[in-house]
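# Fold and contact review
The chain contents come next:
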Amino acid sequence: MHKFLRTRRQLLFALSGAALAGTRAAVGFAGSGASDYSRAAAGEMVLTAADVHVDGYPTVEAVRWMGKTLHRETGGRLGIRVYHSGQLGRETDAINLARFGALDIVRVNIAALNNAFPLTDILALPYVFDSTAHMRRALDGAPGREVLKAFEARGLVGLAFYDSGTRCFYNHVRPVVQPADLKGLKIRVPPSDIFVGLARALGANPTPLSYGEVFSALQTRLIDGAENNWTTFYTSRQFEVARHWAQSEHSYSPEALLMSKQRLDSLSAGDRELLLATAAQSVPYMRQLWDLREAESRAAVEKDGVRVTEVDRKAFQKAAAPMLEAHLKNTELGRLYRQIRALA
Ligand code: GTR
C-alpha cells in the first residue's frame, strides 16, 4: 500500500479511482443508489461496504436495505454507503482492507475466502447440498454458525450468508453434457484452491482470475468459459459471449457478509446489537429478491438464445467424488459434512 495514503478517505478515493477506470456498462436491474446514506453530519457514522456486483444486484440491495434500516432505527446516526461494481477492487483485496479496518463491510463469495479460511471449503465443495432449501437449513443452523465464527480469528466478523444459487459451467466452444466435454477447455475459476481442484477433477483446464477480468477474458478468447450462477451470468453480460450453458450445479458456494472486527468493536453495545440483528434480518429480504432475480435472469438469458443443456449429473458427481473425499479426510470438514448431510 502506498505510504502516502494515510487516511481512510484517501485510501478509498485512490482505490475507487483505480477500479473505475476499468468499469464497463452492465445489464441488470435498476438499483436504488440514491438511497445510500452516505453523507455524515457531526455525530453520524457512515459505514463503507464493498461489492463486486452491479447496482441492483440482490447482494447490493440487501446491504442497502441494512443501511436504510440502521438509519431509520438510529434516527440517522448510522448508515451504510455501498460501493458496488468493484469500485473498491477485487474481493481478495477488499477482504484484507476490512481485516485491517480500512473498509467496514465486505460482501464476497465464499470462494474468495477458501484459501484464507479453510473451514469455508465445506460450503464450496461439490455436491454437498441437495437443494437451495437444504443449503439454507445448513446455513441457518449449526454448520453456518460455526463457519461464521471462524472469521474472527483474522480480524473479521461473519454477519450473514446470502444466496448465490448454484454454479454451472458455460463456454463459447460447445455444449457440455458429460465431464469429458469439458476436456481441454480453459475455464475461469475464482482464485480458490477448491475451484481449481474441482475444475481439474472434471477435466477442464482451470484458469484462476478475479471477477472483474472474466468478461474481457471471454471476449478476447483468453479463456473458453467460466462457471457461475444465472444472475451473475446475466448481469455481467457474460451470456453475450458464452452461448453454451450446462446445468451442472456443481457448487452452491454462497455469499458471505463480513465486517471489520475493529469497526464493529468500536460501536456502542447497543449499536453493535442493532447491526447484528439488522444483518440477520436482511437474509430473508435477500432470499426473496434472489429467487426473483435468479428466475428473471435465467428467462432473459434463454430468451436471448443461449443454449442450455442438462448434464449427466451422476457422471459429474462421480468425477468430482475423489476430490470431495480427499478434502473430507480433514477432521473438521468431515464433521461439518456429516452435519450438513444430516439436514438434507
Ligand atoms: C459470483 C459472486 C461474486 C464473485 C463471482 C466470482 O457468484 O457473487 O461475489 O465471487 O461469483 O466468480 O468471482
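Position labels on residues start from 1 in each chain and follow its written sequence. Totals for whole chains, interfaces and linings use every residue, but because this is a predicted model, local features are given only for residues with pLDDT of at least 70 and side-chain atom pairs only at 80 or more, for both listing and counting. To get the side-chain values, all heavy atoms of the structure are used, and hydrogens and water are removed first.

## Overview of the pattern of salt bridges
As a working rule, side chains carrying opposite charge can pair if their charged atoms are close by. Any carboxyl oxygen of Asp or Glu that lies within 4 Å of a side-chain nitrogen of Lys or Arg is treated as forming a salt bridge with it. Under the definition given, this model contains 24 salt bridges. The partner of Arg 90 in a salt bridge is Asp 93, with the nearest N and O atoms 3.1 Å apart. The structure contains a network of salt bridges with shared partners spanning Arg 136, Asp 140, Asp 163, Arg 287 and Asp 291.

## Quick word on the site of the ligand
Taken together, the neighbourhood of the ligand is formed by 13 residues, with His 53, Glu 91, Arg 188, Asn 228 and Glu 255 sitting nearest. Under the rule applied, a polar contact is a pair of N or O atoms within 3.5 Å (in protein, one hydrogen donor and one hydrogen acceptor; residues adjacent in sequence only if both atoms are side-chain atoms). One of the side-chain nitrogen or oxygen atoms of Arg 167 is found 2.8 Å away from an oxygen atom of the ligand. Between the ligand and Thr 232 there is a distance of 3.4 Å, counted from an oxygen atom to a side-chain nitrogen or oxygen. Methods summary: accessible areas were calculated by the Shrake-Rupley approach with a probe of 1.4 Å, and residue burial reflects only the protein chains presented. For the ligand, whose accessible area on its own is 320 Å², the fraction buried by protein is 98%. Gly is placed with the polar residues, together with every amino acid not listed as nonpolar (Ala, Val, Leu, Ile, Met, Phe, Trp, Tyr, Cys and Pro) or charged (Asp, Glu, Lys and Arg). Looking at the shell around the ligand residue by residue, the class counts come to two nonpolar, six polar and five charged. Any residue with a non-hydrogen atom lying within 4 Å of a molecule or strand is treated as near it.

## Description of the packing of helix α12 (residues 313-328) against helix α13 (residues 331-341)
Axis geometry follows a simple rule: fit a line to the C-alpha atoms, using only the stretch in contact for helices, then measure angles between N-to-C directions, giving values from 0 to 180 degrees. Secondary structure elements follow DSSP: runs of H or I no shorter than four residues count as helices, runs of E no shorter than two count as strands, and numbering proceeds from the N terminus. Interaxial distance between α12 and α13 falls to 7 Å at its minimum, and their mutual angle equals 115 degrees. Judged by the angle between their axes, α12 and α13 are roughly perpendicular. Two secondary-structure elements touch here, α12 through Leu 324, His 327 and Leu 328 and α13 through Leu 333, Gly 334 and Tyr 337. When describing relative orientation, an angle under 35 degrees is termed roughly parallel and one over 145 degrees roughly antiparallel, while 65 to 115 degrees is termed roughly perpendicular and anything else oblique. In what follows, a contact means two residues having at least one pair of non-hydrogen atoms within 4.5 Å.

## Details of unusual backbone geometry
The phi angle at Ser 85 is positive, at roughly 60 degrees, despite the residue not being glycine. Turning to its location among the elements, Ser 85 is positioned in the loop between β2 (78-83) and α3 (91-99). Despite not being glycine, Ser 253 has its phi angle at roughly 20 degrees, a positive value. As for its position among the elements, Ser 253 is in the loop between β9 (244-251) and β10 (255-260). Whether a residue is buried, partly exposed or exposed follows from its accessible area with a 1.4 Å probe, protein chains only, as a fraction of its type maximum: under 20%, in between, or over 50%, in that order. Note on Ser 253: relative accessible area 0%, which makes it buried.

## Some remarks on the packing of aromatic side chains
Two aromatic rings are characterised by how far apart their centres lie and by the angle between their planes. Here is the rule: rings of Phe, Tyr and Trp (six-membered ring for Trp) pair when centre to centre is within 6.5 Å. Planes less than 30 degrees apart are stacked, more than 60 are edge-to-face, and the remainder are tilted. Overall, the coordinates contain 12 aromatic pairs when judged by the stated rule. Centroid distance Phe 129 to Tyr 252: 5.6 Å. Interplanar angle 75 degrees. Geometry classified as edge-to-face. Of the two residues, Phe 129 is situated in the loop between α4 (121-124) and α5 (132-140) and Tyr 252 in the loop between β9 and β10; the sequence distance between them amounts to 123 residues. Of the two residues examined, Phe 129 and Tyr 252, each falls in the buried class. Two thresholds decide whether a charge sits over a ring: the Lys NZ or Arg CZ must be within 6 Å of the ring centre and within 35 degrees of the ring normal. Over the aromatic face of Tyr 83 sits the side chain of Arg 81, whose NZ or CZ is 4.9 Å from the ring centroid.

## Regarding the nonpolar core
Residues belong to one nonpolar core when they are buried, are Ala, Val, Leu, Ile, Met, Phe, Trp, Tyr or Cys, and are joined through side-chain atoms within 4.5 Å. Counting 59 residues, the largest nonpolar core has Leu 113, Ile 122, Leu 123 and Leu 182 as the members making the most contacts within it. With sequence-adjacent residues up to four places away left out, Leu 113 is seen in contact with Ile 95, Val 108, Thr 120, Phe 151, Ala 256 and Leu 258. With 26 residues, the next largest nonpolar core counts Val 60, Ile 105, Ala 160 and Met 286 among its residues.

## Some thoughts on the sheet that holds β10
Whether two strands pair comes down to DSSP finding at least two bridges between them. On the basis of which strands lie adjacent, the open sheet formed by five strands has the order β2-β1-β3-β10-β4 and mixed pairing. Edge positions in the sheet fall to β2 and β4 (156-162), since each has one partner strand and no second. Put simply, the sheet's adjacent strands are angled 25 degrees from each other on average, direction ignored. Two strands pair when backbone bridges link them, and strand β3 (residues 105-109) and β10 are joined in this way by five bridges, in the antiparallel orientation. Residue pairing for β10: Ile 105 is matched across the bridge by Met 259. Running over the sheet, helix α2 (residues 58-73) touches β1 (45-50), β2, β3, β4 and β10 and is turned about 160 degrees from β2. Helix α11 (residues 269-303) rests against β1, β2, β4 and β10 of the sheet, and its axis sits at about 25 degrees to β4.

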